[in-house]
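Breakdown of the fold
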Amino acid sequence: MFTKLLIANRGEIACRVIRTARRLGIATVAVYSDADRHALHVQLADEAVHVGPAPARESYLVIANIIEAARRSGAQAIHPGYGFLSENADFARACAEAGVVFVGPPPAAIEAMGSKSAAKAIMERAGVPLVPGYHGDDQKPARLKASADEMGYPVLLKATAGGGGKGMRQVWSAADFDDALAAAQREASASFGDERMLVEKYLTRPRHVEVQVFCDSHGEGVYLAERDCSLQRRHQKVIEEAPAPGMSAELRAAMGETAVQAARAIDYVGAGTVEFLLDEDGSFYFMEMNTRLQVEHPVTEMITGQDLVEWQLRVAAGEPLPLKQDAITLHGHAFEARIYAEDPDNDFLPATGTLAHLRPPEESSHVRVDTGVREGDEISVYYDPMIAKLVVWDEDRGRALQRLARALVDYRIGGTVTNLDFLYNLVTTKPFRNAELDTGFIERHRELIFREQDIDLARDLPAAALALLLQRQQTARGSRQPGDPWSPWDSASAWRLNEPHRHRLRLHCHQQDFEAVVEARGKDHYVVSARVSAATTDDERAEQRQGATDGVDVVASEALQARLSGETLTLDRDGHRQRATLARTQDGHTLYFAEGACHFREWQPDTGEGGHDASAGGLLAPMNGTIVALVADVGAPVTAGSPLLIMEAMKMEHTLRAPADGSVEQFFFQAGDLVSGGAELLQFTPAGEENRESAHA
Ligand code: MV4
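Now for a look at the structure at hand. (Residues numbered from 1 in each chain as written. Predicted model: local features only at pLDDT ≥ 70, side-chain atom pairs only at ≥ 80, totals over all residues. Heavy atoms only, no water.)

Read from one edge to the other, the open sheet built from 4 strands follows the order β6-β9-β7-β8, with strand pairing classed as antiparallel. Looking at strand neighbours, the two that pair on one side only are β6 (133-134) and β8 (166-171), the edges of this open sheet. With 2 bridges connecting them, β6 and strand β9 (residues 197-201) associate as antiparallel partners. What sits directly across from tyrosine 134, in β9, is valine 199. In the packing of helix α7 (residues 141-151) onto the sheet, the strands contacted are β6, β7 (155-163) and β9, and the crossing angle to β9 comes to about 10°. (Pairing = 2+ DSSP bridges. Helix = DSSP H or I, 4+ residues; strand = E, 2+ residues; numbered from the N terminus. Contact = heavy atoms within 4.5 Å. Axes fitted to C-alpha atoms, helices over the stretch in contact; angles between N-to-C directions.)

So, on to α7. Note on helix geometry: an α-helix contains 3.6 residues per turn, so any two residues three or four positions apart are oriented the same way. For α7, every residue scored as buried is listed here: Leu144, Lys145, Ser147 and Ala148. Seen along its axis, α7 keeps its buried residues to an arc of 155°; they face one direction. Looking at α7, the residues exposed on the side facing more than 90 degrees away from the buried face are Ala142 and Glu150. Buried residues in α7 make contact with β6, β7, α8 (174-192) and β9. (Buried < 20%, exposed > 50% of the residue type's maximum accessible area, 1.4 Å probe, protein only. Arc of directions from axis to C-beta.)

Together, Asp345, Asp421, Glu452, Asp454 and Asp456 give the surface a local cluster of negative charge. Its place among the elements puts aspartate 421 in helix α13 (residues 420-427). (Patch = residues over 30% accessible without salt bridge, like charges linked within 9 Å, V, L, I, M, F, W, Y side chains within 5 Å. Areas by Shrake-Rupley, 256 points an atom, 1.4 Å probe, with all protein chains shown as cover. Salt bridge = Lys/Arg side-chain N within 4 Å of Asp/Glu carboxyl O. Lys, Arg positive; Asp, Glu negative; His and termini not counted. Charge placed at Lys NZ, Arg CZ, Asp CG, Glu CD.)

A large share of strand β37 (residues 662-667) lies buried, amounting to 5 of its 6 residues. Here β37 runs beside strand β39 (residues 682-686); their pairing, made up of 5 bridges, is antiparallel. Paired with phenylalanine 667 across the two strands is leucine 682, which belongs to β39.

In this section: the site of the ligand. As a structural note, the neighbourhood of the ligand is formed by 17 residues, with Lys158, Gly165, Glu200, Lys201 and Leu203 the closest of them. A distance of 3.1 Å separates a nitrogen atom of the ligand from a polar side-chain atom of lysine 158. Protein contact buries 89% of the 510 Å² of open area that the ligand shows by itself. For the shell around the ligand, the elements supplying multiple residues, two or more each, are β7, β9 and β14 (284-290). Among the residues making up the shell around the ligand, the classes are represented as 7 nonpolar, 6 polar and 4 charged. Both domains that furnish three or more residues to the shell around the ligand are identified here as domain 2 (135-201) and domain 3 (207-449). (Near = heavy atom within 4 Å. Polar contact = N/O pair within 3.5 Å; in protein donor to acceptor, adjacent residues only side chain to side chain. Nonpolar A, V, L, I, M, F, W, Y, C, P; charged D, E, K, R; others polar. Domains from an automatic or database assignment.)

Structure (structure tokens):
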């Protein structure tokens, strides 16, 4: 077995391979680009070699740089992961020429499967079933049409040079064929420079079922069951599961043996995946073969109990397959959800940002998180915006699905847009629960999946108000130098002699402004009122300040108590206790409940100069810095523009001024404190608002 392995990849797959190598006592070498200098996979590896600038084509894809990294580090083998150079026959050859073992198939096998049409021809000769159709060289329209007429409509025109769904066109009747063919040829010529077509029987509701195969260098080959990957969007897999729902033992054996037969047809060695289209009548047809370990391999690992990277390393080191076919047993059901920084509400555009808040669900024998990022990492613009693969297992599909839904809710990510809500909505639809799977699922159930999430103001608003207040008090307590813990000046509870300790908060959430009044009674806090602030424009707010417009209560005053410990908010609603996680985000906060999340921020009344809410920087630290002096007295009236607090940042003094006539209710920091950019520094009450809530109590 190798003593040192170089991983020619990044992100979650690099971390995953390193994890297995470490378990096997193999030293690891990471490679990294400029953008990945501080990435998790570099930190996890024993050594790391810089291979070039951020763009993959200048670093991870430069064969010479990867080979040089192996030479410099003395790695005996290279694991390519997936993507990047994992299916590059030239790279596999370069490894062999450099005397480094390529953890993957022979270059010839990679090449054989590289062309979809050549692959189909090889499989046809090997007796592997293909979709009924015509793959011939005679490309005369009459010949192509005759094949369509013979197999019956609908048919699918596929560009021979196409792949991954590109260059496909459905033809539903003979009358449409000529025009459709001409259009498909034009597209193929424009896209691939090759207008050759193949004609196939169109399967209207196929499933994408792929079989994991493994072959060693001693002529042994096995299959490790199948994965259903039908849930795809624009040919990108979204959710994968194993085993495929509804598979009989006979069908599993038939597809598995056919997959091994396909692998043998190209003298395969290593981990491979044979993709089939599974028709509604149980017929299955070869689609393509992937000559690498796939992204979704963990679901196979979860139901077989095997570590496929360990198998790869052993086979690459010349060892026989760890198990014979009859020793491979399946137990339970597994799902994988791909968590991405992308915006499902904006055509799944990749998102950017910093992972300001990142709390994966707790891992266990039921929950596995394969990730390559940590809290605080930037989502790189140079690579695939995958945050993690969330993998769950349980005894059967129903229980595994329950685990998946829960784990998606428990996955807390703040600072960038993600597809978590989309995934949760998808896996909780009835058709998915009923395993009504086929490659058109997402498109067909789009309305259901993108259903508007119910806004639960009665839950969100009081909780957000309490969270904000408790978080402020927690910050104020945390920032004060240890003084006299009993000094009333040191209290953050806004205790007032002979008066209810009431706090007025202005929140913006679910696209509306709200005003809430919270009363502190001992260690508990009660939401006295929470109402929509009718003021939605600056003028309306100004008018409302004159008391001209009252909001409408969205929650009756209720005995909602709350406590905040760290990030955990415990809410007690008349004895019904629930927990939520509070996270700061770039422009406010997010409260994560079991059933969903609520994003909110504080807003300040309009002062006429814009910057109406705290998050616009009115009373927030403009950047990291140090508090120099508190220049206003708590409770003393000040006029708009008066200096309230001075802080030093970037070698300059910054004075925070009163946004309006009014007074400072509370400073959250003292002179000498370090504050981070965006931190709320004080609570300011505009003139005429001090006792407003008493009018409404
Ligand atoms: C098909 C098909 C239906 N009938 N061939 C899409 C890309 C490539 N892998 C093959 N694909 C398909 N070929 C026939 N004769 C439907 C698809 C297809 C598909 C296949 C697998 C996974 C997702 C898919 C999404 C759309 C269409």
